[in-house]
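# Observations on the model geometry
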There are 4 protein chains.
Amino acid sequence: MALRSEESRRAILDATISLVNPEEGEAISLQKLSIERIAREAGVSKTTIYRWWPSKVAVVIDSFLEYHVARTPFNDELPASEALRDHLASVADVYGGSEGRLLAQVIAECQHDPEAMKEFKDRFWLNRLETSTTLIRRAQDEGTIRDDLSSREVADILYAPIYFHLLLQSGPLDGEWAHRLFDTALEGCRSKK
Amino acid sequence: MALRSEESRRAILDATISLVNPEEGEAISLQKLSIERIAREAGVSKTTIYRWWPSKVAVVIDSFLEYHVARTPFNDELPASEALRDHLASVADVYGGSEGRLLAQVIAECQHDPEAMKEFKDRFWLNRLETSTTLIRRAQDEGTIRDDLSSREVADILYAPIYFHLLLQSGPLDGEWAHRLFDTALEGCRSKK
Amino acid sequence: MALRSEESRRAILDATISLVNPEEGEAISLQKLSIERIAREAGVSKTTIYRWWPSKVAVVIDSFLEYHVARTPFNDELPASEALRDHLASVADVYGGSEGRLLAQVIAECQHDPEAMKEFKDRFWLNRLETSTTLIRRAQDEGTIRDDLSSREVADILYAPIYFHLLLQSGPLDGEWAHRLFDTALEGCRSKK
Amino acid sequence: MALRSEESRRAILDATISLVNPEEGEAISLQKLSIERIAREAGVSKTTIYRWWPSKVAVVIDSFLEYHVARTPFNDELPASEALRDHLASVADVYGGSEGRLLAQVIAECQHDPEAMKEFKDRFWLNRLETSTTLIRRAQDEGTIRDDLSSREVADILYAPIYFHLLLQSGPLDGEWAHRLFDTALEGCRSKK
DNA sequence: CGATAAACGAGACGGTACGTCTGGTCTTGTG
DNA sequence: CACAAGACCAGACGTACCGTCTCGTTTATCG
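Reading the values: rules and limits
- Residues numbered from 1 in each chain as written.
- Chains lettered and ligands numbered in written order.
- Predicted model: local features only at pLDDT ≥ 70, side-chain atom pairs only at ≥ 80, totals over all residues.
- Heavy atoms only, no water.
- Contact = heavy atoms within 4.5 Å.
- Buried area = accessible area lost by both parts, 1.4 Å probe.
- Salt bridge = Lys/Arg side-chain N within 4 Å of Asp/Glu carboxyl O.
- Polar contact = N/O pair within 3.5 Å; in protein donor to acceptor, adjacent residues only side chain to side chain.
- Helix = DSSP H or I, 4+ residues; strand = E, 2+ residues; numbered from the N terminus.
- Expected span 1.5 Å × (residues − 1).
- Buried < 20%, exposed > 50% of the residue type's maximum accessible area, 1.4 Å probe, protein only.
- Phe/Tyr/Trp six-rings, centres within 6.5 Å; stacked < 30°, edge-to-face > 60°.
- Lys NZ or Arg CZ within 6 Å of the ring centre and 35° of its normal.
- Least-squares fit on C-alpha atoms with pLDDT ≥ 70 in both.
- Near = heavy atom within 4 Å.
- Nonpolar A, V, L, I, M, F, W, Y, C, P; charged D, E, K, R; others polar.
- Core = buried A, V, L, I, M, F, W, Y, C linked by side-chain atoms within 4.5 Å.
- 1 Å grid on protein atoms, 1.4 Å probe; cavity = no way out; pocket = protein on both sides within 12 Å on 5 of 7 lines; lining within 4 Å.
- Points joined across faces, edges and corners; volume = space filled by probe spheres on them.

### Some words on the arrangement of the chains
Without any contact between them, chain A and chain D keep their closest C-alpha atoms 33 Å apart. Taking C-alpha atoms as the reference, chain B and chain D come no closer than 13 Å and do not contact one another.

In structure tokens:
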């Protein structure tokens, strides 16, 4: 009965990424990306896209998730605090580049589309949160991080500045900066004089 | 000769806000807001808008800045750390409401418009940064905050989670949460065992 | 594969005529006629018009040609000179009315649009020329019109005054006048004294 | 009381002609000519044009009349029929060139502007008619043209083909053609067999 | 193995908005 | 008070996409 064409699916996801984060040539902003453009680029009819995705953002989220494979793994053999410190740094490095710009635009698109925001959180963000939660819990077990804080509170303090710099485009966004940030967050800001 | 009409300017800014953050009725998302709509609502011709603003975002930034008067002042008579704690909380409270949604959308629009991002940073963000910098410096002088940290580093740790929760729409965004956040940030996450 | 909608086509042509040569109400000049107006009147989107016609004039020419069915036939049973005389008169009568005004405006629009002029000549004018050529040739065969003149020369002399009065809006434009004109043209202006 | 500035008037008329029938460069069609453009080109404000002319066509008519000085005089010393024949030819020659295109466009503009048409007839056409009337009357007196025809009837037959070819852009428009035309018109089309 | 139901490309359709242009009016100095 | 400068409302321009909707035309099971 004519199953969904994998060929079309691939062409659509690939075309989307290649428009929005091309190997070469000018990238097109997520806002200016249109379904018509994707269809044209993918050699696919609009109908096919509309049949399988509810909106432009949905296509982009799918494309992004396939593309942005978790390239920021953490090291299980290091002490949790070390692994966490390195994870933070690698996340900062990745988000400091073109994928970061893309992520920022995805988050931006989600601001006016609650459905998309839900999708984004379910499929990207919760996954990320889980990664950090695991590490933080381990660090708490290993006794390097206060266990009177919820893992979410710790995650907020550690990861927030990365997204902050990503979205406000203000200040550095790289591994070195992230390392220093981690140290400060752990140490606290209170004067010890 | 023929000076700019203050009447038109007001009508445009007012119409913009009333579309995007109405006292009553359905708000229209910033993305779906169109210059035509603003013109219609303001009883003004498109030309007049295009004459004075380069883009939709520019109008919105102007409107937002006029509307979002600094309603999060800090108290000069309190010790700086108290004032900072309260300021954080009041910012969190405000951004937890409809103005926060608006701000989030403005930031979102800026993701694909470098001009707008610059404008936003120059006119909103730097101003905000200055407020917090002032408070943080005073706290460092008063000896409550480490003075081996730059004020920007402190600001990153303290304010980032607010924008994080604002833009990811994940987790609480209110004064109580902010108070606790402040305490944690000051104290640090390292276990003291 | 989604054929052209005859319904839309009809609506567009009808709306155009009804705006430009309404049964009742005020006619709108061809110059002031806009594609937006036609679309509005026809209950059709602008896109649909632009998809099928290159310009306003093109729509009008199509509309005019459908509307202005050859209502000035010639009689095959009469002697050619009689038929020609009557044809001239009926043309003059028609052009003396509202269709004439319309035709004049179409010709006017063509003055600054070579494409349209070509279209107009190909689809209207050559057709008309052929009608008169046929009659003139027959009259030459029947020996009533000089056969040392090309049919075009005869047509120029016979039909030109009609278009002249039509476009300069100077002088009469009706059957009686045309009859007299025909007689004069045949007889010549030279004094026979 | 600040009288009308002759300087402005000249600049406006000159600019108009130089846009519409430039010595060099691309001519702009009368339809695309705008008051704004004239004002810009003339270094004059729109207000000034609107103060003195009711419409674009009015400006153009004025410009045209100043520019198109009667360069088709007739010779008083020749027999009237000769003078008429030559006059016809010189008119055809002039209208066969760029001034003819301009005139055609003026007449075109008048099709949807009765005021302009009246102005055009009063200031251009009646003047022309008078010229030909004078000649025709003389020819009737001299016995070369039938005096049972009104001068208008003769003028119609003689001049109409020129305007016909001018406005339909169909067929030749030059002196030689006009000469032949004249002869035919005088002789008549009826077969003399 | 042939019917049949889905997925597909193609693309027309009614819409909305874009950013630009011109029209014509009105206002505010300047000379 | 004529004029320049130019702001203003109005509205059309032609284009790009939107999301919906036929259309045939594959294509892959299922009866």
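### Examining the interface of chain A and chain B
Contact residues are listed per partner, giving 49 residues for chain A and 48 residues for chain B. Note on chain A versus chain B: buried area summed over both sides is about 4700 Å², and carbon and sulfur give 56% of it. Where Arg180 of chain B meets Glu153 of chain A, a salt bridge forms, and the shortest distance between an N and an O atom there is 2.4 Å. Our count for the chain A to chain B interface comes out at 37 residue pairs in polar contact (both at pLDDT 80 or more). Looking at the side of chain A that touches chain B, the elements that each hand over two or more residues are α6 (98-110), α7 (114-141), α8 (151-168) and α9 (175-187) of chain A. Broken down by element, the residue count for the side of chain A that touches chain B peaks at 13 residues, all from α8 of chain A.

### Details of helix α6 (residues 98-110) of chain C
Residues and elements named next belong to chain C. The end-to-end C-alpha distance of α6, which contains 13 residues, comes to 19 Å, matching closely the 18 Å that a straight helix rising 1.5 Å per residue would cover. Counting buried residues in α6 gives 11 out of 13 residues, a clear majority hidden from the surface. Looking only at α6, the buried set comprises Glu99, Gly100, Leu102, Leu103, Ala104, Gln105, Val106, Ile107, Ala108, Glu109 and Cys110.

### A short note on the packing of aromatic side chains
Throughout the structure, instances matching the rule amount to 24 aromatic pairs over all chains. For the pair Trp125 of chain C and Phe164 of chain D, a centre-to-centre distance of 5.4 Å together with 80° between the ring planes defines the contact as edge-to-face. Of the two residues, Trp125 of chain C sits in helix α7 (residues 114-142) while Phe164 of chain D sits in helix α8 (residues 151-168), which places them in two different chains. The same class applies to Trp125 of chain C as to Phe164 of chain D, namely buried. Ring pairing ties together the aromatic residues Tyr95, Trp125 and Tyr163 of chain A together with Phe164 of chain B, which thus form one cluster. Sitting over the ring of Trp53 of chain A, Arg4 of chain A keeps its end group 4.9 Å from the ring centre.

### Regarding the relation of the copies chain C and chain D
Once turned by 179° and shifted 0.0 Å along the axis, chain C lies on chain D with an RMSD of 0.2 Å. The superposition operator between the copies reduces to a two-fold rotation axis. Minimal C-alpha separation from the rotation axis in chain C is found for Gly188 of chain C, amounting to 1.7 Å.

### Description of the protein's contact with DNA strand E
If you check the shell around DNA strand E, you find 43 residues, and the closest are Thr48 and Trp52 of chain A together with Thr47, Thr48 and Trp52 of chain C. Each atom of DNA strand E within 4 Å of the protein belongs either to a base or to sugar and phosphate, the latter forming 62%. The set of elements that each furnish at least two residues to the surface near DNA strand E consists of α3 (46-52) of chain A, α2 (35-42) and α3 (46-52) of chain B, α3 (46-52) of chain C together with α2 (35-42) and α3 (46-52) of chain D. For the surface near DNA strand E, the element with the highest residue contribution is α3 of chain C, accounting for five residues. Residues belonging to the surface near DNA strand E are distributed by class as follows: 16 nonpolar, 16 polar and 11 charged.

### As for the environment of Leu103 of chain D
Residue and element names in this part refer to chain D. Topologically, Leu103 is positioned in helix α6 (residues 98-110). A relative accessible area of 0% means that Leu103 is categorised as buried. Distance from Leu103 to Asp174, taken between C-alpha atoms, is 16 Å for residues 71 residues apart in sequence. The contact partners of Leu103, leaving out residues within four places of it in the chain, are Phe64, Tyr95, Phe120, Phe124, Tyr163 and Leu166.

### Concerning the side chain of Gln105 of chain C
Assignment of secondary structure puts Gln105 of chain C in helix α6. Overall, the relative accessible area of 11% leaves Gln105 of chain C in the buried class. Every residue in contact with Gln105 of chain C, bar those within four places of it in the chain, is listed here: Ser29, Leu30 and Gln31 of chain C together with Gln111 and His112 of chain D.

### Here we look at the nonpolar core
Core analysis: the biggest nonpolar cluster contains 135 residues, and Phe120 and Tyr163 of chain A together with Phe120 and Tyr163 of chain B have the highest contact counts within it. Among all residues touching Tyr163 of chain A, those that are not within four sequence positions of it are Tyr95, Leu103, Ile107, Phe124 and Trp125 of chain A together with Phe164 and Leu168 of chain B. If you look at the next biggest cluster of nonpolar residues, it comprises 134 residues, including Leu88 of chain C together with Val60, Tyr159 and Ala178 of chain D.

### Digging into the environment of Ser55 of chain D
All names here are of chain D. Mapping Ser55 onto the fold places it in the loop between α3 and α4 (56-67). A sequence separation of 95 residues divides Ser55 from Ser150, and the C-alpha atoms of the two residues are 36 Å apart. Setting aside its immediate chain neighbours within four residues, Ser55 contacts Ile35 and Asp113.

### Examining the interface of chain C and chain D
The partner chain D presents 50 residues to the 48 residues of chain C that form the contact. Across the chain C/chain D interface, buried area totals approximately 4700 Å², and carbon plus sulfur atoms make up 56% of it. Summed over the three residues of chain C that lose the most area to chain D, namely Gln111, Phe164 and Cys189 of chain C, the buried surface amounts to 15% of that side. Counting across the interface, chain C meets chain D through four salt bridges. Residue Arg190 of chain C is joined to Glu187 of chain D by a salt bridge in which the shortest nitrogen-to-oxygen separation is 2.9 Å.

### Regarding the relation of the copies chain A and chain B
The pair of chain copies shares a relation made of a rotation about an axis and a shift along it. Structural alignment of chain A on chain B gives an RMSD of 0.1 Å, achieved by rotating through 180° and translating 0.0 Å along the axis. A shared binding surface is used by both copies, with 98% of the interface residues of chain A retained as interface residues in chain B.

### Points about the environment of Ile35 of chain C
By the element assignment, Ile35 of chain C lies in helix α2 (residues 35-42). Ile35 of chain C has contacts with Ile49, Tyr50, Ser55 and Lys56 of chain C, leaving out every residue within four places of it along the chain.

### Quick word on the pattern of salt bridges
One pass over the full model with this rule turns up 62 salt bridges over all chains. Between Glu6 of chain B and Arg9 of chain B there is a salt bridge, with its nearest N and O atoms 3.2 Å apart. Of this pair, Glu6 of chain B and Arg9 of chain B both sit in helix α1 (residues 6-20), three residues apart, which is roughly one turn of the helix. One network of salt bridges, in which partners are shared, links Glu6, Arg9, Arg10, Asp14 and Glu66 of chain A.

### What to know about empty space enclosed by the protein
All names here are of chain D. Taken as a whole, this structure holds seven cavities of 30 Å³ or more when the rule is applied. For the lining of the largest cavity, the secondary-structure elements that each account for two or more residues are α5 (80-95), α7 (114-141) and α8. Examining the composition of the lining of the largest cavity, we find that five residues originate from one element, α8, more than from any other. Grouping the constituent residues of the lining of the largest cavity by class yields eight nonpolar, two polar and three charged.

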